[in-house]
Amino acid sequence: MTSSTPESSSGSSSGSTQGSAADSTTTGVDIVLENIVKKYPGQKSPAVTDLSLTIPAGEMVMFVGPSGCGKTTSLKMINRLIEPTSGTITIGGKDITRSNPTELRRQIGYVIQGGGLLPHMTVKQNIGIVPGLLGWDKKKIAARTDELLDLVGLDPDVYRDRYPRELSGGQQQRVGVARGLAADPPVILMDEPFGAVDPITRTRLQDELMSIQSELRKTIVIVTHDIDEAVKLGDRILVLDVGAEIAQYDTPDAILSAPANDYVADFVGAGSKLKQLTLLRVDDAELEQPETCHVGDDVAEVIARVSAAGKDSVLILDARERPREFLWLRTLRKWSKVPDFDPENSPIVDHRATLNDAMDQMLESSHAAVIVTNRGRFTGLVTFDAVTELLRSSTQAAHEAAGSSAAADGTVIGTPTASTGEVTGDE
Ligand SMILES: Nc1ncnc2c1ncn2[C@@H]1O[C@H](COP(=O)(O)OP(=O)(O)OP(=O)(O)O)[C@@H](O)[C@H]1O
Ligand SMILES: [Mg+2]
């Protein structure tokens, strides 16, 4: 009953869902739990009753479920921070109960809420802990640290020598992610990694993690309370009930459109109406190309060019094509050379962000458009109109695909399939 192997991952990956193919770029490895039981001393019923699960190489799998259902316990058994009472876990085909726990943990990145940084160590020292234990030389560790800080969006020159108390919560979390990636482990475990940061920072961290993952294709397991986060990030979502019993294990699409039972439907449906917005990406929308200029350009020239194009605003980019600020020409007139701006207050999303994120940023910044980037570089604008248009066309398409069973408001498409819990593909 609690056993689950997603249809497309038994044996060799058939690659029928987003990113499930263990192709040549995948650096992750399979994680297989078989009949895992965890009973804490003195506990009446086990925290984990009987969990069997395959997490395919190179996928991002999200654990969700109510508080106390056994998410953290299940996660920590994978790196042996908690020992199972019975059952086996293999990683890349190797039985982990036979490996030395300390050595095992050096091969598995672990990221916890708030970053879990050691307060008396600098950012650089924190990130270098595992590489240091693995015997990397100082130069290699320093280079790796800078590379990772760049990857998580922190300027190495500014941040590498700071102490955790000199960082914001979101920055500490970024360093925590960098530390989890430091030794380039094939497996990364994250327990509510973005739970303690504000919504905008959380969105940016999620976007960065998706960009990183699209390149590295590690096997990543993330525990989260946030169903929208699970839908956004997950190749698959594991919905757990008390005792870590599997309620459903499937793609976000399948879980939203065909919840296996009322428990799952309630769990994913609660508090979120416009689920379609979470399933659709900025990438799916039509991007607009505004007039652009660069920091340091001659203002008179920019104004002449932009006016000639019939526009009254311009997007300022830096030398690396990163967006800085969107300005009215009449404001730009104040300067003779285009100045630099802190992009912190501009509505910017990664191209893989969800439309939900894009709408949040529009509302937050009171702009009718957000700036879209790909690994930090400007790619276009997504406007409110483009979002509503996309929502309209995709809802219509879903209605046509689902026939008369589609919900009239377009929030949840299709209906739960009968008894088997098998998901019939909607494509
Ligand atoms: N060290 C422990 N000793 C005894 N019981 C424990 C211990 N750790 C966890 N438990 C119990 O095991 C169950 C599962 O706990 P776990 O921390 O795995 O839940 P969780 O799903 O991560 O919850 P949350 O969402 O609140 O973090 C709970 O009933 C919890 O009280
Ligand atoms: Mg927990």
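In what follows, the structure referred to is the one given above.
Anyway, here's the lowdown on the structure attached to this text. (Residues numbered from 1 in each chain as written. Chains lettered and ligands numbered in written order. Predicted model: local features only at pLDDT ≥ 70, side-chain atom pairs only at ≥ 80, totals over all residues. Heavy atoms only, no water.)

### Section: the overall build of the protein chain
Each helix and strand counted, the protein chain has 16 helices and 17 strands in total. The 427 residues of the protein chain split such that 49% are buried. Counting only contacts in the protein chain whose residues sit at least 6 apart along the sequence, the fraction spanning at least 24 positions is 65%. A total of about 19,700 Å² of accessible surface is found on the protein chain, and carbon and sulfur atoms cover 50% of it. (Helix = DSSP H or I, 4+ residues; strand = E, 2+ residues; numbered from the N terminus. Buried < 20%, exposed > 50% of the residue type's maximum accessible area, 1.4 Å probe, protein only. Contact = heavy atoms within 4.5 Å. Areas by Shrake-Rupley, 256 points an atom, 1.4 Å probe, with all protein chains shown as cover.)

### Some thoughts on the site of ligand 1
As a matter of local geometry, ligand 1 sits amid 13 residues, with S67, G68, K71, T72 and T73 nearest to it. Contacts to ligand 1 include T73, whose side-chain N or O atom sits 2.5 Å from an oxygen atom. By residue class, the composition of the shell around ligand 1 is four nonpolar, seven polar and two charged. (Near = heavy atom within 4 Å. Polar contact = N/O pair within 3.5 Å; in protein donor to acceptor, adjacent residues only side chain to side chain. Nonpolar A, V, L, I, M, F, W, Y, C, P; charged D, E, K, R; others polar.)

### Considering helix α1 (residues 71-78)
Helical periodicity: at 3.6 residues per turn, an α-helix aligns residues three or four positions apart in one direction. Burial within α1 is extensive, with six of its eight residues counted as buried. For α1, the complete set of buried residues consists of K71, T73, S74, L75, M77 and I78.

### Observations concerning the nonpolar core
Membership of the largest hydrophobic core comes to 39 residues, with the highest contact counts inside it found for I127, L209, I222, L233 and I237. Those residues in contact with I237 that lie beyond four places of it in its chain are M62, V64, A230, V231, Q248, Y249, D250, P252 and I255. Within the second largest apolar cluster, 28 residues are counted, among which are I36, L51, M77 and L189. (Core = buried A, V, L, I, M, F, W, Y, C linked by side-chain atoms within 4.5 Å.)

### Description of the packing of aromatic side chains
For any pair of aromatic rings, the description rests on two quantities: the centre-to-centre distance and the angle between the ring planes. Across all of its chains, the model carries two aromatic pairs by this definition. Arranged with centres 6.4 Å apart and planes meeting at 20°, the rings of Y263 and F267 form a pair that is stacked. Of this pair, Y263 and F267 both sit in helix α11 (residues 262-269), four residues apart, which is roughly one turn of the helix. Since its relative accessible area comes to 22%, F267 is described here as partly exposed. With a centroid separation of 5.8 Å and an interplanar angle of 85°, the aromatic rings of W335 and F341 are classed as edge-to-face. For W335, a relative accessible area of 31% gives the class partly exposed. Over the face of the ring belonging to W136 we find K140, whose NZ or CZ atom lies 4.1 Å from the ring centre. (Phe/Tyr/Trp six-rings, centres within 6.5 Å; stacked < 30°, edge-to-face > 60°. Lys NZ or Arg CZ within 6 Å of the ring centre and 35° of its normal.)

### Quick word on the pattern of salt bridges
Using the criterion set out here, one finds 18 salt bridges in the structure. Among the salt bridges present, the one from R174 reaches E208, with a minimum N-O distance of 3.2 Å. You can see R174 sitting in helix α7 (residues 169-181) and its partner E208 sitting in helix α8 (residues 199-216), a full 34 residues away along the chain. The exposure class assigned to R174 is buried, which follows from its relative accessible area of 10%. (Salt bridge = Lys/Arg side-chain N within 4 Å of Asp/Glu carboxyl O.)

### Notes on the sheet that holds strand β17 (residues 377-383)
The sheet built from three strands is open, its strands ordered β15-β16-β17 with mixed pairing. In this open sheet, the two edge strands, each paired with only one partner strand, are β15 (348-350) and β17. Strand-to-strand twist across the sheet, computed as the mean angle between neighbouring axes with direction ignored, equals 35°. Sheet topology places strand β16 (residues 369-374) next to β17; six bridges connect them, and they run antiparallel. (Pairing = 2+ DSSP bridges. Axes fitted to C-alpha atoms, helices over the stretch in contact; angles between N-to-C directions.)

Any functional reading would require information beyond the geometric quantities listed.
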